[in-house]
Amino acid sequence: AVVSTQSTGDERVEEDESEDEATRLETLRRRTMALMRKTAQYASDTGVSLVNKATGLGGDYPIHRADIVDPDRFKSFLDTLEREKVAAVKTKYENSVRCESYVSRPEYLQSDHKPVIALLEVTVDSSVPAAVRFTSDKFVWKKGKDLITTFTVEKSAEVSSWDWVCLAETNWSDTNKHYLVYDYVTVGKGKVKFTRMAHPGRAKTLQVVYNSSKMSAPVALATVACEL
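Residues numbered from 1 in each chain as written. Predicted model: local features only at pLDDT ≥ 70, side-chain atom pairs only at ≥ 80, totals over all residues. Heavy atoms only, no water.

K.L.:
Please explain the overall build of the protein chain as it appears in this structure.
P.N.:
Check the secondary structure of the protein chain and you find five helices and 10 strands. The proportion of buried residues among the 228 residues of the protein chain is 25%. Within the protein chain, contacts between residues at least 6 apart in sequence are counted, and of these 52% link residues at least 24 apart. About 16,400 Å² of surface is accessible on the protein chain, with carbon and sulfur atoms providing 51% of the total. (Helix = DSSP H or I, 4+ residues; strand = E, 2+ residues; numbered from the N terminus. Buried < 20%, exposed > 50% of the residue type's maximum accessible area, 1.4 Å probe, protein only. Contact = heavy atoms within 4.5 Å. Areas by Shrake-Rupley, 256 points an atom, 1.4 Å probe, with all protein chains shown as cover.)

K.L.:
How do you make sense of the nonpolar core when you look at a structure like this?
P.N.:
When a protein is soluble and globular, its nonpolar side chains tend to lie buried together. By size, the foremost hydrophobic cluster in this structure holds 18 residues, and its most contacted members are Phe 134, Phe 151, Val 165, Phe 194, Val 208, Tyr 210 and Val 224. Listed by contribution, the elements that provide at least two residues to this core are strand E3 (132-134), strand E4 (138-142), strand E5 (147-153), strand E6 (164-169), strand E8 (191-194), strand E9 (204-212) and strand E10 (217-227). Per-element tally for this core: the top contributor is E10, with four residues. In terms of nonpolar packing, the next biggest core, distinct from the first, is built from five residues, Trp 164, Cys 166, Ala 168 and Trp 172 among them. (Core = buried A, V, L, I, M, F, W, Y, C linked by side-chain atoms within 4.5 Å.)

K.L.:
I keep staring at the side chain of Gln 207 and nothing clicks. Help me out?
P.N.:
The residue Gln 207 is located in strand E9 in this model. Of the polar contacts made by the side chain of Gln 207, one reaches the side chain of Trp 172; its length is 2.7 Å. (Polar contact = N/O pair within 3.5 Å; in protein donor to acceptor, adjacent residues only side chain to side chain.)

K.L.:
When you look at the sheet that holds E8 in this model, what are you seeing that I'm missing?
P.N.:
As a general point, the strands of a sheet are linked pairwise by backbone hydrogen bonds and lie either parallel or antiparallel. Within the open sheet, the three strands sit side by side as E3-E5-E8. Their pairing is antiparallel. At either end of the open sheet lies a strand with only one pairing partner, and these are E3 and E8. This sheet shows a mean twist of 25° between the axes of neighbouring strands, independent of strand direction. The sheet contact formed by E5 and E8 spans four bridges and is antiparallel. Across the sheet, the residue bridging to Leu 147 is Phe 194, located in E8. (Pairing = 2+ DSSP bridges. Axes fitted to C-alpha atoms, helices over the stretch in contact; angles between N-to-C directions.)

K.L.:
Would you explain the confidence of the model for the protein chain in this entry?
P.N.:
Atomic detail in the predicted coordinates should be set aside for any region of low pLDDT. Overall, the predicted model of the protein chain reaches an average pLDDT of 76, with 66% of residues at or above 70. Here helix H2 (residues 40-55) is the element of the protein chain with the lowest mean pLDDT, 53, and E4 is the one with the highest, 95. Here residues 1-7 scores under 50 on pLDDT; set against residues more than four positions off or in separate chains, the count is one contact. Segment residues 39-43: pLDDT under 50, and five contacts once partners within four positions in sequence are set aside and those in other chains are kept. (pLDDT = per-residue confidence, 0-100.)

K.L.:
Would you take a moment to explain the environment of Asn 176 for this structure?
P.N.:
Its location among the elements puts Asn 176 in helix H5 (residues 175-178). By relative accessible area, Asn 176 is classed as exposed at 53%. Between the C-alpha atom of Asn 176 and that of Ala 217, which follows or precedes it by 41 residues, the distance is 9.3 Å.

Set out below in structure tokens:
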């Protein structure tokens, strides 16, 4: 008897993905072996960097030749690194975020996807410098004068010409909706100017907010004291 079988498209996709993963691992293994044939110092530094880049790890992990020569052992080696990465992240962050409340809003009937609201308490590592910081906690803006706000950016921070700085009322909740006036930043300049025409014309307190386009969120703010 002849039995014919027909593979589905999903099965072919799974086979292709499996082959792609196997090819990636083999390419990584061969590149690592090539590095380890060079000087010990170069192989150690660059080999670790290569594997860290492939796995997303950031620490220094020893690489032994025996872990690289055998393809199965190499895959096991990467799996071990992945488990260590997960454990390290869990240890670092599991006590940093605490959920105060988590509720759904079933009264919204426009869709079967009901919105949820969570209130989280997050512990911030104060030893890590802010990516962007205004040079003053409070700027004074006198009527008839331009307001120049200045800020500093950490070297490791990613800034873009699409980042923007705005002025907003102190009770804002979304700068995309509640800004009064804004301007895009010039990368490397470290300042944004608001013209005298934007002054509210009376004494009041505003906030100046730096908005990151990459994070789609405000990342720095300071107070602006408007004076006559």
